[in-house]
Amino acid sequence: MPPVTAPTLNYHELVDTLLEFLEVAIHYVLYVREIYPADIFEPRRKYNVPVRMSRHPVLNGYIRDVLAGIKPDLQKGVVSKVYLAIHDPARNVVEKFTFQIRSLMEGIEEGVRKHAQTTINTSDVEAYLRSFLLKIAVCDSMLNPNPPDCSFVLLVELAGDHPTPTSVSTGAPWVPSEPTDVEVTSPSLIPLKTMDAGLLKMQLYVEESDAKQSSTG
Amino acid sequence: MAFPGGFREYMAVKRRKLEVQGQEIAATGSQSSVLTGLTLYFNGYTGSSDLTMIQFKELVLVHGALVRDKLEPDVTHIIATQMTDQKMRNLRKPVVKPEWLLDSIKRQNLLPWLTYRLYTDIAPSQQTLGGFFSGGTSQSRDQPSSTSTHGGEDELITSTKGSSEKQKMGTASEKPQIEHVDIGEEAIADEGEGEVESDVSESEDVRTRQGADPESEWVKANICTAPGFLQKFFASSRLHHLSTWKGELRDFVYRQGPRRRTNATAHSKRVIIHVDMDCYFASVALRDRPHLQSLPVVVAHSVGLAGRSTADVASCNYVARSHGLRNGMSLGRAREICKDLHVLPYEFEKYEACTKALYNVLLRQGDEVEAVSCDEAYVDITSLIKESGQEIQLAEKLRGEIFEVTGGCAASIGIGPNKLLARMATTRAKPNGVFQVKQEEALQFMEGQLVRELPGVGWVLADKAAKRNIKTCKDLAVLSLPRLQADFGPKTGSMLYNACRGIDMRPLENNPRQSVGAEVNWGIRFTTQDQVEHFIRELSQEINKRMKLASVGGKLLTVKAKKKRYKGEPQKFLGCGDCDNLSKSWNASNCINSWETIFRESYRLLCELQIEPTDIRGVGIHVSKLCSDSLPFPGHPVREQSFLNFEGAATDAQERNNPPPPKSDDNRKTLGEHKTTLSEYGINPEEIDLDVLKELPEEIQADLLPYLKARESHDRPLQINARAGCSSSTSTSKPSEGQPYDPSCLLPTASQVDPEVMKALPDEIRKDLEKAIGMRRGAAGRSIFGMRNAPRRGKILGKISPSKGQVQFQSRRQSITCKATPVPRPSPSLGGQSDFGSVRCMLEDWVSTRLPPTDDDVNAFLRYLESLVDEMELERLETLLKWFLCRVGVENSVINSKGKGNAEWSKVAEMLTTHVNEMVKKKYGCQIKGLCGLQR
């Protein structure tokens, strides 16, 4: 456990930080994996790491809506995974980035959740998230290139017995998803990074389809 | 950005343009190809020839050389007329005078650049201008050729025939920084260990052999890998003693508590004296050998009979100085300069006694004393001066007292209104005198001083000043403050500005010790990693010993290492030579106070520096950020008590929890010893960590059980009972851990058992528990949602992939709404260590024993890997396992007599890989990419 100097974040602050991070990370993955032309990404800096962020309003809106939609569930601690699945033109999943989240806040009253303290402070979180971003930056060296004209989809998996996500007034409604959107055929796994914040643990890993290599040549 | 492509592209374009220009010049006016193949870089002033820089460049261009505008990697030579030592060392390219080019062109023949080198420090193979740079790290060179005779017991007289040419020598700093044993300025010679060579010719023979053959027996017995090296090193290292004393003196003076303070109004009339013993070591030595009083005498390690000894002269008396000898000279050199030289050995105990006497006098007399070193101190005597004019009288009295208590060692005293002037006055006072600089004379006095004599001005700074034609303080005084600050940096600039005017506002102070550490830079010659490890282990123990002596702990661990930069051996015998200094530090969250911690972390840091064992020339470990609550007050009973207790508990707990094979024959404890009861270790039952307990062997667990029971029964309600009793209690962390040890307690309901914990339990216990709880396994339903661009078929699929391997209990958390905040689950730990670096160090220890692994250890490791899978630490798992496979692979390739052991390690590695792959597959639905068995 890193030494605690600054006051630790409470759970809701951590969730806010995570959502911010997820947005940056998603943009950056799209850039690194070349889902869109590099031109639509502009250089930015986050946690003192140079990253890329899309300038396309529709794409940005989609990502923002999804994350806004996750927020209430993340606060409740019922989100177990956030997927960024990359499809080839034939709609096979060739690659899937998984943000696996394990929160101890599932089923805890809101009042308690609000004030629950995590074990890390802002600078620790930033150090972690920085290493996530750096890992994303180098992950293409561990992955095979994607076939041209890929698309992506963001998916959320909930834990336990929560059948549907909390609906949010803003943004688009949730729709259930098909297994073909999620399942990677003959996958292999590349772990990227894990963050432990006490009440919440997050792991990022990539699953890559072995079929990809044969299809791209 | 003015240029479209940014700075980098701008530079690239510029470079290209200049190259083309250069080619054009070369093509149009080509005169010869004398300089073909050279790529030159001009650094500053090109010398007194009447060519401008541009003309010069054109000249070399037309003679076939290439010119670079910046110092690029392909530059072969740097042309300069002046360059500082430091810069030249950093550049690491031949720095040549412009005359080389001019002469080469004139003769139409490329002359050897070596003869035109700017300075000669870089290639030590050159003998020509040797001995010019001394002090610090470079070595002075001694010309061989001498004859010697032998006489006396510990005095050895030799007559040396050699020119008595005077050399510019740096006085070796006799005042190193706090606790800092500097580079190996001393050679531990034969006499150092009390084995005086009986025969001179033999001794000489030995030395000659050493020079020629680094594999000699003497070398083997004296380098760092030899047993007892450290003890010997610290016993005979002058700098080590000096620095230790300094630390002790400071602590000693500090402990005297606040001294009589002069009040602020009298500040302008402060009277500070600087007391400095005259050639301390030599005069202590002569005290007991009055017959040598009028002869040249030096104190050094070696007798240097062979005339090429590289041991340093630590101190020489004034007779010797009149011959041109200086402190810090090499002994061989000294012998050449001075015939009839008497070399005396160190007598550290005597110096120590002398120093104590000196400080007692000073502390009794002065208002405030600042310890500088064992023979030097500042004393504030303001309150003793009733009227001006008394100072000299008082100083003489003090000198008399010192002479008496030290048994005849002379001290010189400088008097001044501040530390600087007092210090400068001392140089005038020497030898054996008093000199006073009054405030009104200050300016005049300082004008005559050389800049390099100022305290705080070293070689680098003096060189820099000399380059600007500043030699004396008078030159300095005409410069404005901003000018000085621009040239030398803000701090140094203002220091110089004040110093040359005799202004010094620094108060006398004794900062208590800032760090504890040790550095060894002599005799470091490793061949294998194991030797490095062993050495670090010993050094860590030494540091721990010192920390205990000073009753401190620290939070910052710094490892320094010297990496050699030369080929072969340095000039100084077994010295460190010209090295890159590397360092790395680690911030501990708790006070570092066990040698195991020091060892583990420093070894890790050293490994991270990635130096080949054969390239290491010096190692130092320092602990700083000393824990404030244990400032050096060794007399304080309470503090000492608590410190020691803590120490014991920490150390022993760590030792007990070390799972790497206890069978190795070094100092690891064997299992048998673990049976000792807790109280003997000073462990409070409170402190027993259940996670740690789990990892311990059965017998120990059994031993610990009574304590646990006692603890649970009286200080808090039994965890399990509390859980079972009220259904609204917390649902996390370690509900079942206490259980196996107390079968009578009530079992929690299924909903309250954390499946992760269950999985982590040993198999038998888990089975029992599962039976008891009536637990049912079942995969939980998952629902996955997308937005907008997901196809809308509207069916939620219960099980999409087998990846969600978590065991879920039916009706889990359905009805529970907890009031309390859940406790985070413990991070995975191996042998009580959850810090990843520590785990790895531990495993490194384990693997490097090369003994066949025991089943217990393998199981513990496997359980740790399992918990990494469960705890979402796949990245660590991958890193660790790949490292392990690699390590085992490497061990395999080492040809070893214990071939059997290696095969077993491979088997273990294969087993672990298979098992981990299965686990990951079960939990995540696929295997980790590229994780397969041993790389063969």
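What counts, and where the lines are drawn
Residues numbered from 1 in each chain as written. Chains lettered and ligands numbered in written order. Predicted model: local features only at pLDDT ≥ 70, side-chain atom pairs only at ≥ 80, totals over all residues. Heavy atoms only, no water. Helix = DSSP H or I, 4+ residues; strand = E, 2+ residues; numbered from the N terminus. Contact = heavy atoms within 4.5 Å. Areas by Shrake-Rupley, 256 points an atom, 1.4 Å probe, with all protein chains shown as cover. Polar contact = N/O pair within 3.5 Å; in protein donor to acceptor, adjacent residues only side chain to side chain. Core = buried A, V, L, I, M, F, W, Y, C linked by side-chain atoms within 4.5 Å. Buried < 20%, exposed > 50% of the residue type's maximum accessible area, 1.4 Å probe, protein only. Expected span 1.5 Å × (residues − 1). Phe/Tyr/Trp six-rings, centres within 6.5 Å; stacked < 30°, edge-to-face > 60°. Lys NZ or Arg CZ within 6 Å of the ring centre and 35° of its normal. Pairing = 2+ DSSP bridges. UniProt positions renumbered as here; feature names shortened; annotations may be inferred. pLDDT = per-residue confidence, 0-100. Axes fitted to C-alpha atoms, helices over the stretch in contact; angles between N-to-C directions. Parallel < 35°, antiparallel > 145°, perpendicular 65-115°, else oblique. Left-handed = near helix turned anticlockwise from the far one by under 90°. Nonpolar A, V, L, I, M, F, W, Y, C, P; charged D, E, K, R; others polar. Salt bridge = Lys/Arg side-chain N within 4 Å of Asp/Glu carboxyl O.

1. What to know about the overall build of chain B
Step number 1: Along the backbone of chain B there are 32 helices and 19 strands.
Step number 2: Put simply, of all contacts in chain B between residues at least 6 apart along the chain, 69% involve residues at least 24 apart.
Step number 3: A total of about 43,600 Å² of accessible surface is found on chain B, and carbon and sulfur atoms cover 52% of it.

2. Overview of the side chain of Asn418(B)
Residue and element names in this part refer to chain B.
Step number 1: Along the polypeptide, Asn-418 turns up in the loop between strand E12 (411-416) and helix H14 (419-429).
Step number 2: A distance of 2.8 Å separates a polar atom in the side chain of Asn-418 from the backbone nitrogen of Leu-421.
Step number 3: In contact with Asn-418, not counting residues within four places along its chain, are Arg-270, Ile-272, Gly-502, Ile-503 and Asp-504.

3. Some details on the nonpolar core
Step number 1: Counting 73 residues, the largest nonpolar core has Phe21(A), Phe97(A) and Leu133(A) as the members making the most contacts within it.
Step number 2: With near-sequence residues (within four places) excluded, Phe21(A) lies in contact with Tyr47(A), Phe99(A), Leu129(A), Phe132(A), Leu133(A) and Met202(A).
Step number 3: Counting 45 residues, the second-largest nonpolar core is a separate cluster that includes Val275(B), Leu363(B), Cys374(B) and Ala377(B).

4. Some points on helix H30 (residues 855-870) of chain B
Residue and element names in this part refer to chain B.
Step number 1: Helix length check: H30, at 16 residues, gives a terminal C-alpha distance of 22 Å against a target of 22 Å (1.5 Å per residue), a fit within 8%.
Step number 2: Turning to H30, its buried residues are Asp-857, Val-858, Ala-860, Phe-861, Leu-862, Tyr-864, Leu-865, Ser-867, Leu-868, Val-869 and Asp-870.
Step number 3: Just downstream of H30 lies Met-872, where phi reads positive at about 55°.

5. What about the packing of aromatic side chains?
Step number 1: For the coordinates displayed, the defined rule picks out 20 aromatic pairs over all chains.
Step number 2: Consider the rings of Tyr62(A) and Phe152(A), whose centres lie 5.8 Å apart with planes at 65°: the pair is edge-to-face. Note that Tyr62(A) is positioned in helix H2 (residues 57-76) and Phe152(A) in strand E7 (residues 151-158), a separation of 90 residues in sequence. The residues Tyr62(A) and Phe152(A) share a single accessibility class, namely buried.
Step number 3: An aromatic cluster is present here, built from Tyr280(B), Phe281(B), Tyr346(B), Phe348(B) and Tyr351(B) joined pairwise through their rings.
Step number 4: Stacked on the ring of Tyr378(B), the Lys or Arg Lys419(B) has its end atom at 5.3 Å from the ring centre.
Step number 5: Geometry around Phe599(B) places Arg537(B) over its ring, the cationic atom sitting 4.4 Å from the centre.

6. A closer look at the pairing of strand E9 (residues 187-196) of chain A
Looking along a regular strand, one sees the side chains alternate between the two faces of the sheet.
Residues and elements named next belong to chain A.
Step number 1: Buried residues dominate E9, accounting for nine of its 10 residues.
Step number 2: Pairing analysis gives nine bridges linking E9 to strand E10 (residues 200-209), with the strands arranged antiparallel. Following the sheet pairing, Lys-193 is matched in E10 by Leu-204.
Step number 3: From the end of E9 to the start of E10, which pair antiparallel, there are three residues, and Gly-198 there has a positive phi angle of about 80°.

7. Let's talk about the UniProt feature "binding site: Mg(2+)" (unreviewed entry) in chain B
All names here are of chain B.
Step number 1: UniProt's entry tags Asp-276, Asp-375 and Glu-376 with the feature "binding site: Mg(2+)" (unreviewed entry), counted in the numbering of this structure. Across 101 residues of sequence, these annotated residues stay compact in space, with a maximum C-alpha separation of 5.8 Å.
Step number 2: Following the sequence through the fold, Asp-375 ends up in the loop between strand E10 (368-373) and strand E11 (376-380).
Step number 3: Given the relative accessible area of 7%, Asp-375 is considered buried.
Step number 4: Dropping the residues within four chain positions of it, Asp-375 is found in contact with Val-275, Asp-276, Met-277, Tyr-280 and Leu-358.
Step number 5: With respect to the helices, strands and loops of the structure, Glu-376 is situated in strand E11.
Step number 6: Exposure remark for Glu-376: the relative accessible area of 2% places this residue in the buried category.

8. What about the confidence of the model for chain B?
Residue and element names in this part refer to chain B.
Step number 1: Averaged over chain B, the pLDDT score is 67; the fraction of residues at 70 or greater is 60%.
Step number 2: For chain B, strand E5 (residues 156-158) is the element with the lowest average pLDDT, namely 34, and E12 is the one with the highest, namely 89.
Step number 3: Within the model, pLDDT remains below 50 along residues 121-214, and this stretch shows 218 contacts once partners closer than five positions in the same chain are excluded.
Step number 4: The model gives residues 788-819 a pLDDT under 50, and that stretch makes 78 contacts with residues more than four places away or in other chains.
Step number 5: Across the predicted assembly, pTM comes out at 0.39 and ipTM at 0.86.

9. Description of the sheet that holds E11(B)
All names here are of chain B.
Step number 1: Read across the sheet, five strands follow the order E10-E11-E6-E12-E13 without closing on themselves; strand pairing throughout is mixed. Edge positions in the sheet fall to E10 and strand E13 (434-436), since each of these pairs with one other strand and no more. Strand-to-strand twist across the sheet, computed as the mean angle between neighbouring axes with direction ignored, equals 15°.
Step number 2: Alignment of E10 against E11, held across five bridges, turns out to be antiparallel. By the bridge assignment for E11, Ser-373 is matched with Glu-376.
Step number 3: Running over the sheet, H14 touches strand E6 (272-277), E10, E11, E12 and E13 and is turned about 140° from E12.

10. Examining the packing of helix H12 (residues 348-365) of chain B against helix H13 (residues 390-405) of chain B
All names here are of chain B.
Step number 1: Interaxial distance between H12 and H13 falls to 9 Å at its minimum, and their mutual angle equals 150°. Regarding the angle of H12 to H13, the classification is roughly antiparallel. For the pair H12 and H13, the sense of crossing is right-handed. Here Ala-357, Leu-358, Val-361, Leu-362, Arg-364 and Gln-365 of H12 come into contact with H13, specifically with Lys-397, Leu-398, Glu-401, Ile-402 and Val-405.
Step number 2: Its residues placed into classes, the contact of H12 with H13 shows seven nonpolar, one polar and three charged.

11. Some words on helix H2 (residues 53-62) of chain B
Step number 1: Taken together, the buried positions of H2(B) are occupied by Phe56(B), Val60(B), Leu61(B) and Val62(B).
Step number 2: Gly64(B) lies just past H2(B) and shows a positive phi near 100°.

12. Considerations on the sheet that holds strand E17 (residues 616-626) of chain B
Residue and element names in this part refer to chain B.
Step number 1: With antiparallel pairing, four strands are arranged side by side in an open sheet as E14-E17-E15-E16. Both outer strands of the open sheet, strand E14 (515-520) and strand E16 (579-592), are each paired with one neighbouring strand and no more. Across the sheet, the mean angle from the axis of one strand to that of its neighbour is 10°, orientation sign disregarded.
Step number 2: Bridge count for strand E15 (residues 554-564) against E17 is nine bridges, and the pairing is antiparallel. The partner of Leu-557 across the bridge, within E17, is Val-623.
Step number 3: Here helix H21 (residues 595-609) sits on the sheet in contact with E15, E16 and E17, set at roughly 145° to E16.

13. Some points on the pattern of salt bridges
Side chains bearing opposite charge may pair, as long as their charged atoms lie close to each other.
All names here are of chain B.
Step number 1: With the rule as written, the count across this model stands at 37 salt bridges over all chains.
Step number 2: Across the pair Arg-68 and Glu-19 runs a salt bridge, and its minimum N-O distance is 3.5 Å. On the criterion of sequence distance, the pair formed by Arg-68 in strand E2 (residues 66-68) and Glu-19 in helix H1 (residues 6-29) is long-range, its members being 49 residues apart.
Step number 3: The residue Arg-287 makes a salt bridge to Asp-288 at a minimum N-O spacing of 3.6 Å.

14. A look at the side chain of Ser602(B)
Residue and element names in this part refer to chain B.
Step number 1: Relative to the assigned elements, Ser-602 resides in helix H21.
Step number 2: For Ser-602, a relative accessible area of 0% gives the class buried.
Step number 3: Not counting residues within four places of it along the chain, the set of residues in contact with Ser-602 comprises Ile-536, Ser-540, Leu-557, Val-559, Thr-597 and Ile-621.

15. Here we look at the environment of Ile928(B)
Step number 1: Its place among the elements puts Ile928(B) in strand E19 (residues 927-928).
Step number 2: Distance in space between the C-alpha atoms of Ile928(B) and Leu877(B) is 9.8 Å, their sequence separation being 51 residues.
Step number 3: Discounting chain neighbours no more than four positions away, the residues touching Ile928(B) are Leu189(A), Pro191(A), Leu874(B), Leu877(B), Glu878(B), Asn917(B) and Val920(B).

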